[in-house]
Amino acid sequence: GAVVSQHPSRVICKSGTSVKIECRSLDFQATTMFWYRQFPKKSLMLMATSNEGSKATYEQGVEKDKFLINHASLTLSTLTVTSAHPEDSSFYICSARRGVNTEAFFGQGTRLTVV
Amino acid sequence: EDQVTQSPEALRLQEGESSSLNCSYTVSGLRGLFWYRQDPGKGPEFLFTLYSAGEEKEKERLKATLTKKESFLHITAPKPEDSATYLCAVQGTQGGSEKLVFGKGTKLTVNP
């Protein structure tokens, strides 16, 4: 199966600082990458969809200036949480897919804690 | 709007006790239905993709089936290591959308 690597797996940051999460497809080129947020015992909440070389499409209610997404290449997307607050603490997960009608493969997730 | 409903929310089985998980969906046009397994604190692991009604796929103790309204994930003679949350997702054709719509999942616990 295809491998998606997400880094870091855990991060603790202070309120007001920014933190960057990386998502890499290791053995395939990802035309599309997705970023999700997951609350305890809840399902995945899609934050945004990104295609290589173009601006990300954010879901309603997701602040694009707070959650900056860059899809610089076919194997790398980054999510930057800017001016983090404790309410941004959550489990963030990325996924990547080769093409429109193919399955999406997920990273290991990043546990963000803002103190 | 595409919707996915999974049932039951939680299921406890004894080792060897077969059962099925349900995923009911409404979608404008189905591009694909996906099953994932998620362990606590980890990202979902891909299991199956189903594209059309009548399609079936198997992997070890798991078998996924699809109709026009729902999908089932059958678990035959489960083992404790099958304990996880199983997620169902659909991708529709509305508006050229690429995104997956997920259900809330079924948390499966298999007791030894």
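See the structure shown above.
Calculation notes
Residues numbered from 1 in each chain as written. Chains lettered and ligands numbered in written order. Predicted model: local features only at pLDDT ≥ 70, side-chain atom pairs only at ≥ 80, totals over all residues. Heavy atoms only, no water. Buried < 20%, exposed > 50% of the residue type's maximum accessible area, 1.4 Å probe, protein only. Helix = DSSP H or I, 4+ residues; strand = E, 2+ residues; numbered from the N terminus. Pairing = 2+ DSSP bridges. Contact = heavy atoms within 4.5 Å. Buried area = accessible area lost by both parts, 1.4 Å probe. Salt bridge = Lys/Arg side-chain N within 4 Å of Asp/Glu carboxyl O. Polar contact = N/O pair within 3.5 Å; in protein donor to acceptor, adjacent residues only side chain to side chain. Axes fitted to C-alpha atoms, helices over the stretch in contact; angles between N-to-C directions.

Asker: Is there a simple way to explain the pairing of strand β2 (residues 10–14) of chain B in this structure?
Answerer: A regular strand places its side chains on the two faces of the sheet in alternate fashion. All names here are of chain B. Only one face of β2 is covered, namely the face carrying Leu-11 and Leu-13; the face carrying Ala-10, Arg-12 and Gln-14 is uncovered. Note: β2 against strand β11 (residues 106–111), five bridges, orientation parallel. Bridge pairing in β11 places Leu-11 opposite Leu-108.

Asker: What am I meant to see in the interface of chain B and chain A here?
Answerer: Interfaces are often described in size by the accessible area the parts lose on coming together. In this assembly, 19 residues from chain B lie in contact with 22 residues from chain A. A combined buried area of about 1,600 Å² lies between chain B and chain A, and 53% of that area is made up of carbon and sulfur atoms. Seen at the junction of chain B and chain A, the total is one salt bridge. Here Glu-59 of chain A ties to Lys-99 of chain B by a salt bridge, and the two come within 2.8 Å at their closest N and O atoms. Remark: the boundary between chain B and chain A carries seven residue pairs in polar contact (both at pLDDT 80 or more). Looking at the side of chain B that touches chain A, the elements with two or more residues in it are β4 (30–38), β5 (45–50) and β9 (84–92) of chain B.

Asker: Explain the sheet that holds strand β7 (residues 62–66) of chain B here, please?
Answerer: The strands that make up a sheet pair up through hydrogen bonds in the backbone, lying either parallel or antiparallel. Residue and element names in this part refer to chain B. Pairing is antiparallel across the open sheet formed by five strands, whose spatial order is β1-β3-β8-β7-β6. Both edges of this open sheet fall to β1 (3–7) and β6 (56–59), since each of them pairs with a single strand only. Looking at each pair of strands side by side, their axes are set apart by 15° on average, direction ignored. Bridge analysis of strand β3 (residues 19–26) against strand β8 (residues 70–75) gives six bridges, and the strand direction is antiparallel. Following the sheet pairing, Ser-19 is matched in β8 by Ile-75.

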